[in-house]
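Coordinate analysis (summary)
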Amino acid sequence: QVSDSSQPPENTGSLLVENCHHVELYSRLVNHMKNIQNITIRNSHTVVIHPKLYEAKGAAPGSGSAHNIELTNIHRLQVKRYSFKDLRVTGRFYLGEVNLASVVSMAFDFQYVKEFSVFASKFDRISMFGIKLVHCKEFNVLGMTHFVSLAAHAIKVKCDKFSLAYNWFGHLHDSSLDVEYGLCDIQGNTFNSLGGKPFLSLKPVQSSNLAETNEIAMTGFVFRENKFTSEPVLPFASLAMPSFSLLSPSTSYLDIDSNQFPCSCQRLGWLLAFGKFGYNSHSLAEVGSTKGSGTTTFIKQLYDTAGPCMECDHMECLDMDSSLDTYTMTGLVYNSEEGVKCAASGVLVRNYDDTSDKRDDSIVESDSDHRNNTVNDKNVDKRIKIKVDLDDDDDTNKDANAANSLKKDDYEKDQNSESETDYMNNMNTYVKEEVLIPQHLRKETTHDSSKNDKNTNTNTQAIDIAEHDTDKHERLLRIPGDASDAVDTDIDMIVLGVTMFVTMLSK
């Protein structure tokens, strides 16, 4: 017993409450009033529905059903978790002009509802399984009902007829509409922002599982006159509907027409590229492939039958003169090397079919490393010039290439030294070694090399330093061609080394 509350008689068949500030329906209400069939609450400020209006445990067999439940013009409606669990509604459950700040999980959890209808209401957020109907004949949301946010699987129902008409959806996630339907009618709605793939779990019920009734003469799918404002962009594959392939034009009624999008390549790049060039068709086909293969067919029909482009602000959307296909002709540019990009901004449309696993990142230089290496190579080439007078002798060519390679390596080592001090210390060591080498050893070495040179063709080979870079640290090196040249070269190098060594000591 709840204090300060009214308890209707046990044989009450209908309950009508109106023009109240605060109304609460407590647990086991249907258990207490076994004969109740109609519950109507209207024109009230706050209505709170507590968990388990019907408690199945311990209840009489065949109980737990109502004919109609109607809530109309409720300024603040609160529905607790499991409020309608195990309850069967043989007529209509109706929400008209009600405001719900949040629909918690399993709030509208019915075992069976013949007709579940919502009209001109507002839902700030519907959590996962906020509306869960094991089976229903009809599910209707009509008349500019406003949904700010739908979580994944927010609406999970299995209905013979499912209808969303002329409503506004703010933000939707993956499988927000988890629906099994016989006939699905989605038309005239505005979808502001798709944060995922809301239609991923829309699928037709197999004809063998449909309830036998004369109210539904056919199965089918209607998707027309919906507006996708695509704020801020339309995410890739957000329109995926893999189970569309389960619908056959020969046995089902299909009507996809006049859906509208903004003419913006930056918002719709992937959709325009796919519709015009078949871009990313492989990646789109793989989205939800376990549910079916209808995604590419559905999206292509959306593109081909799209209505005029629209331009939207925060208040309304206005039609434009151009069509989506006409805009694509000028809004996209296709290049066989770069791919598809937006003509105005030059932004590339990402190619999801071109996977990155084709490249071996372990052997690919980064762009910065490549640029640095290129610049260094160009500087070396500018500062070192190798001139070789060659004849047709292969051995001479090999010697010249070897000299070229050795000289360039020595130069790069000098350039990469950490400081001028280290460089000068190396030069000191080199000069000391030149001074300490006995003269007779140098002559023998020179004599031996001159003997070997007599057996080969003598060609003049010279390595010159570029004229604009000559300074006191640079030397003219000459590859000896005979014994006299070798002696002159050794003497020149010793004199140069001693001179630099004396200069450094004086400093």
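In short, a report on the structure. Keep in mind that this is a model prediction, so the values were computed, not measured.

This paragraph deals with the state of the cysteines. Covalent bonding between the sulfur atoms of two cysteines defines a disulfide. Following the criterion strictly, the structure yields four disulfides and no others. A sulfur-sulfur separation of 1.9 Å characterises the disulfide bridge that pairs Cys312 with Cys317. Judged by the sign of its S-S torsion, about 110°, the bond between Cys312 and Cys317 is right-handed. Overall, the relative accessible area of 23% leaves Cys317 in the partly exposed class. Listing the disulfide partners of the chain by sequence rank of the bonded cysteines yields 1-2, 3-5, 4-8, 6-7.

Bringing the packing of aromatic side chains into the picture now. As enumerated under the stated definition, the model contains 27 aromatic pairs in all. Between Phe221 and Phe298 the ring centres are 6.1 Å apart and the planes differ by 70°, which places this aromatic pair in the edge-to-face class. Here Phe221 is found in strand E16 (residues 219–224), whereas its partner Phe298 is found in helix H4 (residues 295–304), with 77 residues between them in sequence. You'll find Phe221 and Phe298 in the same group, each marked buried. Ring centres 6.3 Å apart and planes at 20° place the aromatic pair Phe223 and Phe228 in the stacked group. Considered together, Phe223 and Phe228 belong to a single accessibility category, that of buried residues.

Take unusual backbone geometry next. With an omega of -10°, the peptide bond running from Glu231 to Pro232 counts as cis. Backbone geometry at Asp86 places phi at a positive 70°, although glycine is not the residue there. The residue Asp86 is located in the loop between strand E4 (65–79) and strand E5 (88–100) in this model. Residue Asp86 is classed as partly exposed on the basis of its relative accessible area of 31%.

A few words on the pairing of strand E19 (residues 308–312). As paired strands, E19 and strand E20 (residues 317–323) are joined by four bridges and run antiparallel to one another. Bridging across to E20, Glu311 finds its partner in Leu318. Hairpin connection, E19 to E20: the antiparallel pair is bridged by four residues.

Following the sequence through the fold, His50 ends up in the loop between strand E3 (38–49) and E4. We classify His50 as buried; its relative accessible area is 18%. Excluding anything up to four places from it in sequence, His50 contacts Glu24, Leu25, Tyr26, Ser27, Lys80 and Ser83.

Next up on the list: the environment of Phe129. Relative to the elements of secondary structure, Phe129 occurs in the loop between strand E8 (122–126) and strand E9 (131–142). Separated by 25 residues in the primary sequence, Phe129 and Ala154 place their C-alpha atoms 4.8 Å from one another. Beyond its immediate sequence surroundings of up to four residues, Phe129 is in contact with Ser105, Met106, Ala107, His153, Ala154 and Lys156.

Once that is clear, we can look at the packing of helix H2 (residues 265–277) against helix H5 (residues 324–331). Closest axis-to-axis distance for the H2/H5 pair is 10 Å, and the angle between their directions is 100°. Overall, the two elements H2 and H5 adopt an arrangement that is roughly perpendicular. Of the residues in H5, those touching H2 at Cys265, Leu268, Leu272 and Lys276 are Leu324, Asp325, Tyr327, Thr328, Met329 and Gly331. Split by residue class, the contact of H2 with H5 holds six nonpolar, two polar and two charged.

Turning to the pattern of salt bridges, a few remarks are in order. Evaluated as defined, the whole model comprises twelve salt bridges. Where Glu55 meets Lys52, a salt bridge forms, and the shortest distance between an N and an O atom there is 3.8 Å. Among the residues examined, Lys52 registers a relative accessible area of 30% and is labelled partly exposed. The residue Arg92 makes a salt bridge to Glu70 at a minimum N-O spacing of 3.1 Å. Here Arg92, found in strand E5, pairs with Glu70, found in strand E4; they are 22 residues apart in sequence, far enough to count as distant. For Arg92, a relative accessible area of 27% translates into the label partly exposed. The network of salt bridges with shared partners includes Arg224, Glu225, Asp255 and Asp257.

Procedures and definitions
Residues numbered from 1 in each chain as written. Predicted model: local features only at pLDDT ≥ 70, side-chain atom pairs only at ≥ 80, totals over all residues. Heavy atoms only, no water. Disulfide = S-S within 2.5 Å. Buried < 20%, exposed > 50% of the residue type's maximum accessible area, 1.4 Å probe, protein only. Phe/Tyr/Trp six-rings, centres within 6.5 Å; stacked < 30°, edge-to-face > 60°. Helix = DSSP H or I, 4+ residues; strand = E, 2+ residues; numbered from the N terminus. Pairing = 2+ DSSP bridges. Contact = heavy atoms within 4.5 Å. Axes fitted to C-alpha atoms, helices over the stretch in contact; angles between N-to-C directions. Parallel < 35°, antiparallel > 145°, perpendicular 65-115°, else oblique. Nonpolar A, V, L, I, M, F, W, Y, C, P; charged D, E, K, R; others polar. Salt bridge = Lys/Arg side-chain N within 4 Å of Asp/Glu carboxyl O.

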